[in-house]
Each structure stands twice: as C-alpha cells, then as structure tokens.
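As a plain string of letters, each chain reads:
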Amino acid sequence: MSATTDQAIVEVADRLFTAIERSDVAAVEQLWSDDIAVWRVGTRRDNDKARALRVIDWFIAATTERRYEILDRQLFDDKSVRGFVQQHVLHATGHAAQSVSMRVCIVIKFDPDGLINRIDEYFDPADIAPLTESERAR
C-alpha cells in the first residue's frame, strides 16, 4: 500500500494499533520497513527492527489485554516525509491483574512504499513500572 493519501496513513495507523491490541506481532512486522528506526523514552539510541519487535513481543507477553484510547491524531506531509502524530492512552492489564494506563505521544513516519520507517514514542516510564516490577518479581 502506498502512503500517498491521508486515508492510507489512517488505515495503516489503525492496523498497527489493532494488531498490538490483538497480540498480532506478525501483523506489526508487516507494517514496518526492514530499516525501521524506533526510539522510545529511556533508550539512548534507536532500536532496529529486530530489537523493536522484541519490545512489542515483551509487552504483549507481559499483558493479558491492551486497548488504545486515541485522544488526537494529526497527519503531516512536508513533501519529503509523510506520517502522523498521535496522542493516546494505552490501557493494559498484566498477568497479576495490575493495571497500566500510559499517556503516550507517538510520531510515526512512512517510507515512499507506505511502510512505517520511523517511530518516536514519548511516555512517562513510571507508567509502565507495574509491568516491569511484576516481571522482576517472577
């Protein structure tokens, strides 16, 4: 799918978050370019595709359910880069019934083929602590 239209960007965005909600790591991988760079709060450098997929896989394995509450989504097109900025609350439940509600701002950019090739994710790491603490306790 080419990311030449706003509709295509919205469709890929919706597919991405739905895939995570449904624990479908393979669907996430299909939406990402091979040379994707992913940065998130708490990391010093970008993650490559393999590392970023491991993070998604960990999050899905650490939770029993996930739901995105989208607060705002703005598309952008500066002729050389297309993508969107989204604010959402990610609600998740861990295996020990711990509840997580993370307010997130995410910037996602597309390559000319319509695949996601850049993600920058901003959130308060303290919001995910109930999941990481539970993992350490195991």
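Under an unreviewed UniProt entry, the name given to the protein chain is Ketosteroid isomerase, and the source organism is Mycobacterium kubicae.

*Asks:* Whenever I open this one, the UniProt feature "domain: SnoaL-like" (unreviewed entry) in the protein chain confuses me. Can you help?
*Replies:* The sites that carry the UniProt feature "domain: SnoaL-like" (unreviewed entry) are, in the present numbering, residues 14-118. Secondary structure content for residues 14-118 is 28% helix and 50% strand, and the end C-alpha separation is 16 Å.

*Asks:* Sorry, what's going on with the nonpolar core here?
*Replies:* If you look at soluble globular proteins, the nonpolar side chains tend to sit buried side by side. Membership of the largest hydrophobic core comes to 33 residues, with the highest contact counts inside it found for Leu16, Trp32, Ile108, Ile116 and Ile119. Of all elements in the fold, only α1 (6-21), α2 (25-31), β1 (32-40), α3 (49-62), β3 (82-94), β4 (99-110) and β5 (116-123) reach the threshold of two or more residues within this core. Here this core gets seven residues from one element, more than from any other, and that element is α1. The contacts of tryptophan 32, once residues within four sequence positions are left out, are Leu16, Lys49, Ala52, Leu53, Ile56, Leu115, Ile116 and Ile119.

*Asks:* For this particular structure, what's the right way to read the environment of valine 25?
*Replies:* Following the sequence through the fold, valine 25 ends up in helix α2. Taking the C-alpha atoms as reference points, valine 25 and cysteine 105, 80 residues apart in sequence, are found 21 Å from one another. Those residues within four positions of valine 25 in sequence are excluded, and the remaining contacts are Leu53, Ile56, Asp57 and Ile60.

*Asks:* What's the story with α3 in this structure? I'm lost.
*Replies:* Each turn of an α-helix holds 3.6 residues, which means side chains three or four residues apart point in the same direction. Along its 14 residues, α3 runs 20 Å from first to last C-alpha, staying within 8% of the 20 Å computed at 1.5 Å per residue. Taken together, the buried positions of α3 are Lys49, Ala52, Leu53, Ile56, Phe59, Ile60 and Ala62.

*Asks:* Help me out: how do you make sense of the packing of aromatic side chains in this one?
*Replies:* In this description, a pair of aromatic rings is defined by centroid distance and the angle of the planes. Per the counting criterion, the structure on display carries four aromatic pairs. Between the aromatic rings of tryptophan 58 and phenylalanine 59, the centroid separation amounts to 6.4 Å while the plane-to-plane angle is 50°, which identifies the pairing as tilted. Assessed through its relative accessible area of 10%, phenylalanine 59 is described here as buried. Ring geometry for phenylalanine 84 versus phenylalanine 110: centroids 6.4 Å apart, planes at 45°, classification tilted. Here phenylalanine 84 is found in strand β3, whereas its partner phenylalanine 110 is found in strand β4, with 26 residues between them in sequence. An identical accessibility class is assigned to phenylalanine 84 and phenylalanine 110; each is buried. Here the guanidinium or amino end of arginine 73 rests over the ring plane of phenylalanine 84, the centre of that ring lying 5.4 Å away.

*Asks:* Can you walk me through the layout of surface pockets in this structure?
*Replies:* A volume near 590 Å³ is recorded for the largest pocket. Around the largest pocket, the lining comprises 30 residues; the ones closest to its centre are Arg40, Val55, Ile56, Glu121 and Phe123. When residues of the lining of the largest pocket are assigned to their parent elements, the largest contribution, eight residues, is made by α3. When the residues that make up the lining of the largest pocket are grouped by side-chain class, the tally is 22 nonpolar, four polar and four charged.

*Asks:* Would you mind showing me how to read α1 here?
*Replies:* The end-to-end C-alpha separation of α1 is 23 Å, in line with the 22 Å expected for 16 residues at 1.5 Å each. Within the span of α1, buried status applies to Ala8, Ile9, Val12, Ala13, Leu16, Phe17, Ala19 and Ile20. Buried positions in α1, seen along its axis, are confined to an arc of 160° and lie on one side of it. Serine 23, located one to two residues past α1, shows a positive phi value of around 65°.

Reading the values: rules and limits
- Residues numbered from 1 in each chain as written.
- Predicted model: local features only at pLDDT ≥ 70, side-chain atom pairs only at ≥ 80, totals over all residues.
- Heavy atoms only, no water.
- UniProt positions renumbered as here; feature names shortened; annotations may be inferred.
- Helix = DSSP H or I, 4+ residues; strand = E, 2+ residues; numbered from the N terminus.
- Core = buried A, V, L, I, M, F, W, Y, C linked by side-chain atoms within 4.5 Å.
- Buried < 20%, exposed > 50% of the residue type's maximum accessible area, 1.4 Å probe, protein only.
- Contact = heavy atoms within 4.5 Å.
- Expected span 1.5 Å × (residues − 1).
- Phe/Tyr/Trp six-rings, centres within 6.5 Å; stacked < 30°, edge-to-face > 60°.
- Lys NZ or Arg CZ within 6 Å of the ring centre and 35° of its normal.
- 1 Å grid on protein atoms, 1.4 Å probe; cavity = no way out; pocket = protein on both sides within 12 Å on 5 of 7 lines; lining within 4 Å.
- Points joined across faces, edges and corners; volume = space filled by probe spheres on them.
- Nonpolar A, V, L, I, M, F, W, Y, C, P; charged D, E, K, R; others polar.
- Arc of directions from axis to C-beta.

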